[in-house]
Every structure is written in structure tokens, then in C-alpha cells.
Amino acid sequence: MPSQPELRIFDTPADLFAAAATEFAALASAAVQSRGRFCVALSGGSTPRNFYQLLASNAFSNLPWDKTYFLFGDERNVPPDHSDSNYRMAKEALLWKVPEPNVFRIHAEHDAETAARDYEQTLRTFFKLQPGKFPRFDLVLLGLGPDGHTASLFPGTSALNENNRLVVANWVENFKTYRITLTLPVLNHAACVIFLACGPDKAAILREVLENQSANLPSQRVRPADGRLIWMVDRAAAQLSTEREGF
Ligand code: 6PG
């Protein structure tokens, strides 16, 4: 049963990231206690960088790092050392401190379809999935693009219609490139999804997401069937939205 989505608004990005890190730590502790490990899908882009750096700081040194496993929600079709690589951003901000065996990057240096199939197999192995089953991440971190995309699920792209595969190569016409992305069934199978959005350039799209359900934006289609959905935003991103708790 989907829980009521939560909207949390913070005065500054720093307040937002501090609250997100506290939530991350609470989820990690609960997951390790009940299932012996904490499985996270990281988001890319620029917003999470400071959040990841905070997680890597001494303030959160007592996280169960040895029992926390980092996977990715999506990746650009570039090598891991490319400036556009989500893995590179996460590695520089956070994953440098994580035991190598606990990190599962998308091998996006290959052609996109090979990378997608490879990562799907990685998920099946890691989560010990039976055929037809979807992985249940303890936490999926997501961002909000200016067009309402999330992960690499862009408006009007074929990945939005994928109901069986876990990972697909998604052609993004606007960028004339492939992206590799988890599919909506995987995102909606998560125990908890947290969107992080901050800054005034997200205000218009956030209002659309929160207040125009007929927009049918990719980020609006993330509604965990049996999990929590939390939008954590700063006041600049929320400036055009009506103050509310749920939505
Ligand atoms: C990516 C992300 C993407 C991102 C949004 C927001 O690979 O870029 O997965 O979905 O979260 O585009 O990006 P910013 O945080 O840079 O605004």
C-alpha cells in the first residue's frame, strides 16, 4: 500500500543535506538491524555532491559502512573517469571511503545496451532475484530534472514504458545520447525513495510535480507500491509551491 508522500522543506541546502544525511543514517541502521545490510541506489547530477560529501565526513563516520552497498540509479554512457560520470562524482564525494566490494557501478564505458544488460545481471545476482522479480532497495536517491525527469527517465522516452526489465539503455533525443537507467518498476519496488531538489531553478518544475498531477511527468510516476516517498527540498525550490505536508 503506497504511503502518503512526505514533503519536507528546509531553509537552506545545508539544512536539507543535514536532514537527508540524518534520514540516511536512520534508514541504514534500521536496514542493517533487520536485514543485515543497507542497499542504496545513488542518484547522479550535481545536487547530491554536497550531500555525499557530508555523508563521507566525520559527522557520519559511525555509519555501518561495511554493511552498506552502493549501486546506481542511472549513468551516462561514458567511462568512469569522464567528467559527466555519475560514478566519478560519487567516487570523489563519497565512495572513496567505501570498501571496493560494496560498490557496484554501471559499466557505462561499453555500448549502452551491453552496459544495461550487464547491470541487470549485477542486480539479479546481488539481490538473488528469481526470474520476474524486482529488487527492493532500502533507499533510492533521486533528483529532479528541469523537465521533470528523474534518474534517466526523460519525458517521452521509451524507458518509461518498460515494465519487465530492471535496467535499460534509454535514447535521450534532447542530448542525442543513450543513458543507462533503472526502470520504474525497480524504483517503485523500493522501501524508501528520497528526492532531493534545491535551488530556484527547480521551483517551476517542483510546483508542476506537486500540483499538476495531469502533467504525468516521469518523476510523478515514482510512487513506491509498498514504501515511503519523501521529497526533501529547500525553500528556494519550494518558493512557487503551495505550502503543504503531503501531496
Ligand atoms: C543524472 C541524474 C538526473 C539528475 C537530475 C537533476 O544522471 O543527471 O540521474 O536524474 O538527478 O537531472 O540533476 P541536478 O541535481 O544536476 O539538477
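For the structure, check the block above.
Please read these numbers as outputs of a predicted model, since none were measured by experiment. (Residues numbered from 1 in each chain as written. Predicted model: local features only at pLDDT ≥ 70, side-chain atom pairs only at ≥ 80, totals over all residues. Heavy atoms only, no water.)

Enquirer: Which residues make up the packing of aromatic side chains, and what values go with them?
Expert: Taken as a whole and assessed by the stated rule, the structure comprises 14 aromatic pairs. Aromatic ring contacts, followed pair by pair, group Phe17, Phe24, Phe38, Phe51, Tyr52, Trp65 and Phe70 into a single cluster. Positioned above the aromatic ring of Tyr69, the side-chain terminus of Arg37 is 6.0 Å from the ring centre. (Phe/Tyr/Trp six-rings, centres within 6.5 Å; stacked < 30°, edge-to-face > 60°. Lys NZ or Arg CZ within 6 Å of the ring centre and 35° of its normal.)

Enquirer: Mind laying out the site of the ligand, listing which residues take part and the relevant values?
Expert: In the vicinity of the ligand lie 15 residues, with Ser46, Thr47, Arg76, Ala151 and Lys202 positioned nearest. Here an oxygen atom of the ligand and a side-chain polar atom of Thr47 are 2.6 Å apart. Within the side chain of Lys202, one N or O atom sits 2.6 Å away from an oxygen atom of the ligand. For the ligand, the protein covers 88% of the area, taking 410 Å² as the surface of the free molecule. Here the ligand occupies the largest pocket. Residues that form the shell around the ligand fall into these classes: 2 nonpolar, 9 polar and 4 charged. (Near = heavy atom within 4 Å. Polar contact = N/O pair within 3.5 Å; in protein donor to acceptor, adjacent residues only side chain to side chain. Areas by Shrake-Rupley, 256 points an atom, 1.4 Å probe, with all protein chains shown as cover. 1 Å grid on protein atoms, 1.4 Å probe; cavity = no way out; pocket = protein on both sides within 12 Å on 5 of 7 lines; lining within 4 Å. Sits in = over half its atoms within 2 Å of the grid points. Nonpolar A, V, L, I, M, F, W, Y, C, P; charged D, E, K, R; others polar.)

Enquirer: Break down the packing of helix 1 (residues 13–35) against helix 2 (residues 48–55) for me, citing the residues and quoting the values.
Expert: With their axes 9 Å apart at the nearest point, helix 1 and helix 2 run at an angle of 55° to one another. One element, helix 1, and the other, helix 2, form an angle in the oblique class. Note on packing geometry: the crossing formed by helix 1 with helix 2 is right-handed. Counting all contacts with helix 1, which are made through Phe17, Ala18, Ala20, Ala21 and Phe24, the residues of helix 2 involved are Asn50, Phe51, Leu54 and Leu55. (Axes fitted to C-alpha atoms, helices over the stretch in contact; angles between N-to-C directions. Helix = DSSP H or I, 4+ residues; strand = E, 2+ residues; numbered from the N terminus. Parallel < 35°, antiparallel > 145°, perpendicular 65-115°, else oblique. Left-handed = near helix turned anticlockwise from the far one by under 90°. Contact = heavy atoms within 4.5 Å.)

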